[in-house]
Amino acid sequence: MLRTMVRLAAALLFAASACCHADAYVGEAAPDVVLGVTQAVNSVRASDHAGKVVVVSFWASWCATCRKELAMLDGLQLEDKGGLQVIGVNIEDRELFKKAARQLGELHVLLVNDRDERCQKAYGVKAIPNLVIIGRDGRILAMRKSYGEDALAGIADEIHRALAPASANNG
């Protein structure tokens, strides 16, 4: 009896950890987790922007590539005029996030703070920079992990392809 209970408890713990810490993969539906909270404390999900291409960029104030990427993504957000939503997910504590957001100035991307690390776990983020491109259908189109500034032009190209009309992507 005790052995059965221990096995059942172990199975439940394994299932719970697999559920909550599973990495996301290209081609799968994007995890519908809270990406973070804004400075106004509103929770944000990728699914809040259904029908748009959503770019989720994980960043920290100390990451030079992340700061350059946010500036590039802000330009793409402005250039697109409605079909793109960039969400910058800060991985630092809430006070550092607030300070960094103020220092970045007025950006048109949505900046959120992943204070409980749920978003990082759902997307398998173990290092930054880290970026996920989610298509209009809610499926992950591309994932980039641990890259340098030299990758930013390629990332911009991937986002432009994601924004292109479906007929342009097919042929």
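These notes cover the structure that comes with them.

Rules of the game
- Residues numbered from 1 in each chain as written.
- Predicted model: local features only at pLDDT ≥ 70, side-chain atom pairs only at ≥ 80, totals over all residues.
- Heavy atoms only, no water.
- Pairing = 2+ DSSP bridges.
- Helix = DSSP H or I, 4+ residues; strand = E, 2+ residues; numbered from the N terminus.
- Right-handed = clockwise from strand over helix to strand, strands pointing away.
- Disulfide = S-S within 2.5 Å.
- Buried < 20%, exposed > 50% of the residue type's maximum accessible area, 1.4 Å probe, protein only.
- Axes fitted to C-alpha atoms, helices over the stretch in contact; angles between N-to-C directions.
- Parallel < 35°, antiparallel > 145°, perpendicular 65-115°, else oblique.
- Left-handed = near helix turned anticlockwise from the far one by under 90°.
- Contact = heavy atoms within 4.5 Å.
- Nonpolar A, V, L, I, M, F, W, Y, C, P; charged D, E, K, R; others polar.

Attention now goes to the pairing of strand S5 (residues 110–113). Strand direction decides the pairing type here: strand S4 (residues 84–90) and S5, joined by four bridges, are parallel. When the sheet's bridge partners are listed, Gly 88 is paired in S5 with Leu 111. Crossover S4 to S5 through helix H3 (residues 94–104) is right-handed.

Take the state of the cysteines next. Counting across every chain of the model gives one disulfide. Put simply, Cys 63 and Cys 66 are joined by a disulfide, and their sulfur atoms are 2.3 Å apart. Of note, the bridge from Cys 63 to Cys 66 carries an S-S torsion of about 75° and is right-handed in sense. Accessibility assignment for this pair places Cys 63 and Cys 66 in one class, buried.

Next up on the list: unusual backbone geometry. Put simply, Ile 128 and Pro 129 share a cis peptide bond, and its omega is 0°. You can see Pro 129 is positioned in the loop between helix H4 (118–122) and strand S6 (130–134). Here the phi dihedral of Lys 81 falls at roughly 65°; this positive angle occurs in a residue that is not glycine. For Lys 81, the location among the structural elements is in the loop between helix H2 (64–80) and S4. With phi around 50°, Ser 146 is a residue other than glycine that occupies positive phi space. Among the residues examined, Ser 146 registers a relative accessible area of 49% and is labelled partly exposed.

Running from amino to carboxyl end, H2 crosses helix H5 (residues 152–163) at an angle of 25°, the nearest separation of the two axes being 11 Å. In terms of axis orientation, H2 runs roughly parallel to H5. Read as a crossing pair, H2 and H5 show a hand that is right-handed. On H5, the residues touching Lys 68, Glu 69, Met 72, Leu 73, Leu 76, Glu 79 and Asp 80 of H2 are Leu 152, Ile 155, Ala 156, Ile 159, His 160 and Leu 163. Here the residues of the contact of H2 with H5 sort into eight nonpolar, one polar and four charged.

Purely geometric numbers; function is a separate question.
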